[in-house]
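Understanding the architecture of this molecule
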Amino acid sequence: MIISPGNHDAVRQAEPQPRFPERITSLFSDRITFVGNPALVDLDGVKVLMYHGRSIDDLVASVPGVSYQEPEKAMAEMVKRRHLSPIYGSRVSIAPEKQDHFVIDPVPDILHCGHVHTIGVGNYKSVLLINSGTWQSQTEFQKRVNLMPTPAKVPVVDLSTLRTTLLQF
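A separate point is helix 3 (residues 71–81). Of all eleven residues making up helix 3, eight are buried, and the element is well covered by its neighbours. The secondary structure elements touched by the buried residues of helix 3 are helix 2 (55–62), strand 5 (110–113), strand 6 (120–124) and strand 7 (127–131). Backbone geometry just after helix 3 places Arg82 at a positive phi near 55°.

Right, let's get into the environment of Val121. Looking at the secondary structure, you find Val121 in strand 6. Accessibility expressed as a relative area gives 35% for Val121, which makes it partly exposed. C-alpha separation for the pair Val121 and Trp135, spaced 14 residues apart in sequence, amounts to 17 Å. If we ignore the near neighbours within four places in the chain, the residues touching Val121 are Glu72, Leu128, Leu129 and Thr164.

For strand 4 (residues 46–50) and strand 5, the ladder comprises three bridges, and the chain directions are parallel. Along strand 5, the bridge assignment pairs Met50 with His112.

Attention now moves to unusual backbone geometry. Residues Glu15 and Pro16 are joined by a peptide bond in cis, for which omega reads 0°. Relative to the helices and strands, Pro16 is located in the loop between strand 1 (2–3) and helix 1 (22–25). Following Asp105, the chain continues into Pro106 via a peptide bond in cis, with omega recorded as 10°. Here Pro106 lies in the loop between helix 3 and strand 5. Despite not being glycine, His117 shows a phi value in the positive range, around 65°. Summarising the element assignment, His117 is placed in the loop between strand 5 and strand 6.

As a further point, take helix 2. All buried positions along helix 2 are accounted for by Ser55, Ile56, Asp57, Asp58 and Leu59. Structurally, helix 2 contributes buried residues whose contacts are with helix 3, strand 5 and strand 7.

What counts and what doesn't
- Residues numbered from 1 in each chain as written.
- Predicted model: local features only at pLDDT ≥ 70, side-chain atom pairs only at ≥ 80, totals over all residues.
- Heavy atoms only, no water.
- Buried < 20%, exposed > 50% of the residue type's maximum accessible area, 1.4 Å probe, protein only.
- Helix = DSSP H or I, 4+ residues; strand = E, 2+ residues; numbered from the N terminus.
- Contact = heavy atoms within 4.5 Å.
- Pairing = 2+ DSSP bridges.

Below you can see the structure in the form of structure tokens.
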């Protein structure tokens, strides 16, 4: 299991976000790997770029045809632009760093996000795009912004073929 922080977690809100501090990671099993946000991980030769996905908010607000109900379209825009947060100065707070941690290089086999709580599976130029859903039903905030989450569905990827199956719980 690999755990990366997001906008509701006990790390700085500005991105890139560091991995959880030792006081939190020490509460978990040694079999869990903690990474920052974003993070590039290798799963048996498959490059997976993990990004919480906060910039999806900016892309939904700025790019025609991009919506919360189809988050894979926002993710395709990220891959097209080779940048995880291609709109600067909007909703995503970006910490000043010497290196731009949002540049997509190398191009991954899988881009995985989750911020918007809706399932999305797509493909852009051989990059599998997966936005995982949530276990939580619609919140009051989500009602106000007209976001309908897809709870209790889990995308499962066969790493040998990159074929994705949705499990319903």
